[in-house]
Amino acid sequence: QSALTQPASVSGSPGQSITISCTGTSSDVGGYDSVSWYQQHPGKAPKLMIFDVSNRPSGVSIRFSGSKSGNTASLTISGLQAEDEADYYCSSYTSSSTQVFGGGTKLTVL
Amino acid sequence: QVQLQESGPGLVKPSETLSLTCAVSGYSISSGFYWGWIRQPPGKGLEWIGIISHSGSTFYNPSLKSRVTISLDTSKNQFSLKLSSVTAADTALYYCARRILATAFDYWGQGTLVTVSS
């Protein structure tokens, strides 16, 4: 299984909105509403931010939202804050009953 | 509060078998959910290794399937990872985690670094 495709980096200024894309195939992203997003700060374990495309776990800020169109899922962060600076990974269920991660996107808050 | 803690050798020789254990507290692994292993080579992204259900069903990354075994020990409330015939490419930070939905890992261990070197 091939890793999902994410941009290597994105950036934005405080208060702005950014979107991170995650592109797969009809055998993963496009075939299932089972896409999750994780935030990872340096030296820390990943944290679940979005599950099942657009659902937020309890405690995750409403500034984080997810969506999907075809084979591409997206994570949008609105009202960017300094603490949002981190690496972000998408993940999708696959037709082989496995799971695949994206390559990761480094978010820089300018 | 659910907590997971990885343990095992930090150094493994090439061609040998990497063995890690994940001790779970705050939840009985036999009660439900899947339990998984994810790794992250230094400076790189996450790689899904595999999962095991509370009843022992397993699913593995196809690229690792021939070398991976994940098992449960419900008496100790822990699960384990074995990766055989390791090479330097298996050097990574290894995480264990609880999977609540198809791709959603909600609780993670802190990770343990395993280096493959002679």
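Relevant structure appears above.
The following paragraphs examine the structure supplied in this document. (Residues numbered from 1 in each chain as written. Chains lettered and ligands numbered in written order. Predicted model: local features only at pLDDT ≥ 70, side-chain atom pairs only at ≥ 80, totals over all residues. Heavy atoms only, no water.)

**Quick notes on the overall build of chain A**
Looking only at helices and strands, chain A features zero helices and nine strands. Counted from the first residue to the last, chain A has its helices and strands arranged as β-β-β-β-β-β-β-β-β. Its C-alpha atoms give chain A a radius of gyration of 13 Å, near enough to 13 Å, the size a compact globule of 110 residues would have. Sorting the 110 residues of chain A into buried and exposed places 46% on the buried side. Sequence-distant contacts in chain A: of pairs separated by 6 or more residues, those separated by 24 or more amount to 56%. Accessible surface, chain A as shown: approximately 4700 Å² in total, 46% of it carbon and sulfur. (Helix = DSSP H or I, 4+ residues; strand = E, 2+ residues; numbered from the N terminus. Rg over C-alpha atoms; globule rule 2.2 N^0.38 Å. Buried < 20%, exposed > 50% of the residue type's maximum accessible area, 1.4 Å probe, protein only. Contact = heavy atoms within 4.5 Å. Areas by Shrake-Rupley, 256 points an atom, 1.4 Å probe, with all protein chains shown as cover.)

**As for the environment of threonine 115 of chain B**
All names here are of chain B. In this structure, threonine 115 sits in strand S11 (residues 112-116). Sequence spacing of threonine 115 and arginine 98 is 17 residues, and the spatial spacing of their C-alpha atoms is 24 Å. Filtering out sequence-adjacent residues up to four positions away, threonine 115 remains in contact with Gly10, Leu11, Val12 and Thr91.

**Details of the sheet that holds strand S2 (residues 18-23) of chain A**
Residue and element names in this part refer to chain A. Strand order in the open sheet formed by three strands is S2-S6-S5, and the pairing between neighbours is antiparallel. Across the chains shown, the open sheet's two edge strands, defined by having one partner strand only, are S2 and strand S5 (64-69). The mean inter-strand angle of the sheet, taken between neighbouring strand axes irrespective of direction, is 20 degrees. Note: S5 against strand S6 (residues 72-77), six bridges, orientation antiparallel. Across the sheet, phenylalanine 64 pairs through a bridge with isoleucine 77, a residue of S6. (Pairing = 2+ DSSP bridges. Axes fitted to C-alpha atoms, helices over the stretch in contact; angles between N-to-C directions.)

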